[in-house]
Protein chains: 4
Amino acid sequence: MPPAVSPLGSGALAATPHPIDREGVAKDLGFSNLSRNSMDAVGDRDFAVELVAAAALCQSHLSRLAEELVLWSTQEFAYVALPEGYCAGSSLMPQKVNPDIPELVRAKTGRVTGDLVTLLMVLKALPLAYNKDLQETQEPLYDAVDSLLGSLSIMAGLVRGLDFDEARLRQAVGAGHLVATELADYLVQKGVPFRRAHDVAGNLVRQALAAGVELGALPLATLQAEAPEIGPDVAEWLDPQKAIDRRDLPGGPARGRVVAELERLEKDLGKETG
Amino acid sequence: MPPAVSPLGSGALAATPHPIDREGVAKDLGFSNLSRNSMDAVGDRDFAVELVAAAALCQSHLSRLAEELVLWSTQEFAYVALPEGYCAGSSLMPQKVNPDIPELVRAKTGRVTGDLVTLLMVLKALPLAYNKDLQETQEPLYDAVDSLLGSLSIMAGLVRGLDFDEARLRQAVGAGHLVATELADYLVQKGVPFRRAHDVAGNLVRQALAAGVELGALPLATLQAEAPEIGPDVAEWLDPQKAIDRRDLPGGPARGRVVAELERLEKDLGKETG
Amino acid sequence: MPPAVSPLGSGALAATPHPIDREGVAKDLGFSNLSRNSMDAVGDRDFAVELVAAAALCQSHLSRLAEELVLWSTQEFAYVALPEGYCAGSSLMPQKVNPDIPELVRAKTGRVTGDLVTLLMVLKALPLAYNKDLQETQEPLYDAVDSLLGSLSIMAGLVRGLDFDEARLRQAVGAGHLVATELADYLVQKGVPFRRAHDVAGNLVRQALAAGVELGALPLATLQAEAPEIGPDVAEWLDPQKAIDRRDLPGGPARGRVVAELERLEKDLGKETG
Amino acid sequence: MPPAVSPLGSGALAATPHPIDREGVAKDLGFSNLSRNSMDAVGDRDFAVELVAAAALCQSHLSRLAEELVLWSTQEFAYVALPEGYCAGSSLMPQKVNPDIPELVRAKTGRVTGDLVTLLMVLKALPLAYNKDLQETQEPLYDAVDSLLGSLSIMAGLVRGLDFDEARLRQAVGAGHLVATELADYLVQKGVPFRRAHDVAGNLVRQALAAGVELGALPLATLQAEAPEIGPDVAEWLDPQKAIDRRDLPGGPARGRVVAELERLEKDLGKETG
């Protein structure tokens, strides 16, 4: 959070001529700083632009999360069910549940970005110091903050109520030859250059597609025909669970790393809100 | 105004299966057209984007008019006084009148452009057909229209009450060597190429500046020393009133042309609103 | 396309004083109109804003089509395969094909909207007549037009090469109890109010979900237990192909209507480009 | 400046499975931090949005300075002359100098804000992790930075070459009854409530206007007739130079305060650039 700056004593024409104690009052009221130019203090709206720009960026992240939830809750993905109360029935289709809340949060990104454009456009080419134009900086500021706070609050509830379909997720992980990258990386740690390793894996995916099976279901002999470096230990590399645990570095998805990161975040948030 | 298009019978999934008479109902209700695709009719917001884009452009013109009125009503220009009721006294400066209305109208351009950005951003990458995101197209649409109608209405009243200071305007026309372009054009119609004519006028402006007089006050001999083509008939070209009347072509400022254009506009507006 | 307007004879200060024939030259050069005010002709950029606003709207439609193609070509939807040459392999995942072209076209919407904001912001509060600011209206104008033309051209090729998976689409139509709306509409044409019809269909969907079958697979007796108005003729309503053909009204999806609309569009486009 | 964050080891699918030393490499290369999630590291563009938002805000301040320079260099204000090389002659008006550089810098605000809108719109509703859309975040990022750096550099040269007309500025300070606020403040420190003081000053301005003189030129008797609290010591309050020096508080315009603030800024800038 930026430091609070006391503008006391500033005015549109100039500073006050009366002998006030700017430092003393600022200290008593808990301001950490004084404005350094009386005309700038009147005409400046950096605090509004900075706050709304941060709100637009945060809302942009929410729109990306919302998009994923809309996607994952479709009948085709079916990774997750949204909690009741965050969806609405269709007035036309009796069988349909619409992801109303993620769609509205996704749309609010347009609104907050619109507020940011309003602010920057109102300020463009305004001469010093106060102009009535500045009155039009109030509404976009409050609208952006209200939109973001509402979106954050409702998404927090939504996320808490998500019901992931583990069986379906395991099935999805096993489909689409997802372990092709693992196969390439397996070859890399056997000393094969990545370019050839990538080619080998690509060729084997094509063979699997032609055979109508997943890459992981090809017999070892087929793999070895494409690359003699492949040995029986490849099986361990083609197990998705082990592929995840192998990524055991900071920021990686190995279970221990994810749990540690969650604990770090909880502690950090506790510090800020506690 | 775009033709009114009847969406009757459209639905988010598909058209209605019930045998309705789309053409008949549209005709009875005064629609001039039917939507041509039931899913497009549900998901399309072109009407909103087109209306708000037109509103933003119109508000942009108002901002330019407003800027000129703010400028012309400064103490330094002093070309025009704004009518009371469209200005406000300064709470700080007892002698000051602030052009509140033009400044607010100028600022509203940011607001309507913000509405347009909101609309376009809400629509970005929305799959067919209805998504709850579309609910967020209502507010920017109404906000843009309300902002524009309010701005148009108040600027109409403001313009009617403008009090131009003719004496000051005449004085301004006589200052700043405004007739230098006339002098160049005078030489052009005497057969001098524009490049040399422009140079001659520029040199004479510099001599006038050095002498502390207006270009029009230089003696004929001085003009002729710079360009022998100049004769006594130049006097008529250096008279601002005659310079205006000389521009007697469609779109030009000659009095007759301006009066005719005003009459045409009044007639056109009468046709639309009468 | 807006009428071409000849600005000949306009200038930043005023019109030309030389006796030119504006109407004659405009006619000879194929302009359909004259600018009506010489200063407006110099300072006005409506043509640029209007063109770029139309480009942004068109690009917004392309972004929605692009989103659907990205979605439909995922492994989970698998409705369509994009033509080679419009996709790219993943440098990381040997098995993966990335929908590069639809994703780039989707992104260009941000670019063209950015151009529109640039234009409107440059124009905000510009006094008459010419200001150097107007130089900054050239780049966004050309950038928007180039982005749109490029996107249209590449999407035309992409759409021509789409390979829809009919079997998968038929399967998708048969899933998700899509005919629940049909069931409700069936009841409506039997005289049941829509509210009750919607409830009946909803209840039967829940029974189908509990039984692990599609709505269309429930036995007639189960349907009749929920609504005695249901007769054996309901079978025809629960056939998706017949559901489509039942929507035989202008703008509807019945095969004849779609074919007729395609012919109309081809004829219209032929008129414009022929 | 935000801390540099090393993304090494991140990938669009997940982190690398190879045992690299993220902390060690980051330290060796001078990064102060590691990215905390491999998929976020690939899809995140906060660094671009934050930088371009800051650039838009900075460019907005430049547009306000540019507007003042355009205004102050008009013939009507005539407060300042812009240095040659930052202006251009008019191709039409031989006597005219156009403030090309401030006008272009003013316009660039539209450009940088357009870049910001492009970025936020490209990011809207993008699912994890990498999408080709992100390629379209490069151009607005570089364009915004180039526009801002160019504007800052040219405005620095322009400001250094400004030639203020002190005589004209003194005359402007003496006009427009600028000391009316001083008169009100004089009364306030005599114990008169500000509301009455403001009224008294306003009434006396009207008397001065009627008499065709400046407020400061009204005889003491006239002032006292309006407010008996006014004594001969008012003369000192109506001297503009003394009015400025009376504002001797942090951020105020008293000469000592302005000099001290300039020294502080020079020291601060020296620290950063030295």
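The rules we used
Residues numbered from 1 in each chain as written. Chains lettered and ligands numbered in written order. Predicted model: local features only at pLDDT ≥ 70, side-chain atom pairs only at ≥ 80, totals over all residues. Heavy atoms only, no water. Salt bridge = Lys/Arg side-chain N within 4 Å of Asp/Glu carboxyl O. Helix = DSSP H or I, 4+ residues; strand = E, 2+ residues; numbered from the N terminus. Buried < 20%, exposed > 50% of the residue type's maximum accessible area, 1.4 Å probe, protein only. Contact = heavy atoms within 4.5 Å. Polar contact = N/O pair within 3.5 Å; in protein donor to acceptor, adjacent residues only side chain to side chain. Phe/Tyr/Trp six-rings, centres within 6.5 Å; stacked < 30°, edge-to-face > 60°.

Asker: Hey, could you run me through the pattern of salt bridges in this one?
Answerer: When their charged atoms lie close together, side chains carrying opposite charge are able to pair. Per the stated rule, a full pass over the model turns up 64 salt bridges over all chains. Among the salt bridges present, the one from R111(D) reaches E136(C), with a minimum N-O distance of 3.4 Å. Linking R111(D) in helix α4 (residues 100-123) with E136(C) in the loop between α4 (100-123) and α5 (138-160), this pair reaches from one chain into another. Classification of R111(D) by relative accessible area gives buried; the value is 14%. Salt-bridge contacts for R257(C) lead to D248(C); the nearest nitrogen and oxygen are separated by 2.9 Å. Of the residues examined, D248(C) reaches a relative accessible area of 46% and is grouped as partly exposed.

Asker: I keep staring at the environment of N98(A) and nothing clicks. Help me out?
Answerer: All names here are of chain A. Along the polypeptide, N98 turns up in strand β5 (residues 97-98). Between the C-alpha atoms of N98 and D199, which are 101 residues apart in sequence, the distance is 43 Å. If we skip the residues at most four places from it in the chain, N98 touches C87, A88, G89 and S90. Side-chain polar atoms of N98 contact the side chain of K96, separated by 2.6 Å.

Asker: I keep staring at the packing of aromatic side chains and nothing clicks. Help me out?
Answerer: Geometrically, a pair of aromatic rings is defined through the distance of the ring centres and the angle of the planes. Counted by the stated rule, this structure contains 14 aromatic pairs over all chains. A centroid spacing of 6.0 Å and a plane angle of 65° characterise the contact between Y186(C) and W237(C), whose relative ring orientation is edge-to-face. Here Y186(C), found in helix α7 (residues 180-189), pairs with W237(C), found in helix α10 (residues 234-237); they are 51 residues apart in sequence, far enough to count as distant. With respect to burial, Y186(C) and W237(C) carry one shared label: buried. Look at F77(D) and Y79(D): their rings are 5.4 Å apart centre to centre, the planes differ by 85°, and that puts the pair in the edge-to-face class. As far as the burial class goes, F77(D) and Y79(D) line up, both buried.

Shape descriptors only; they carry no functional weight alone.
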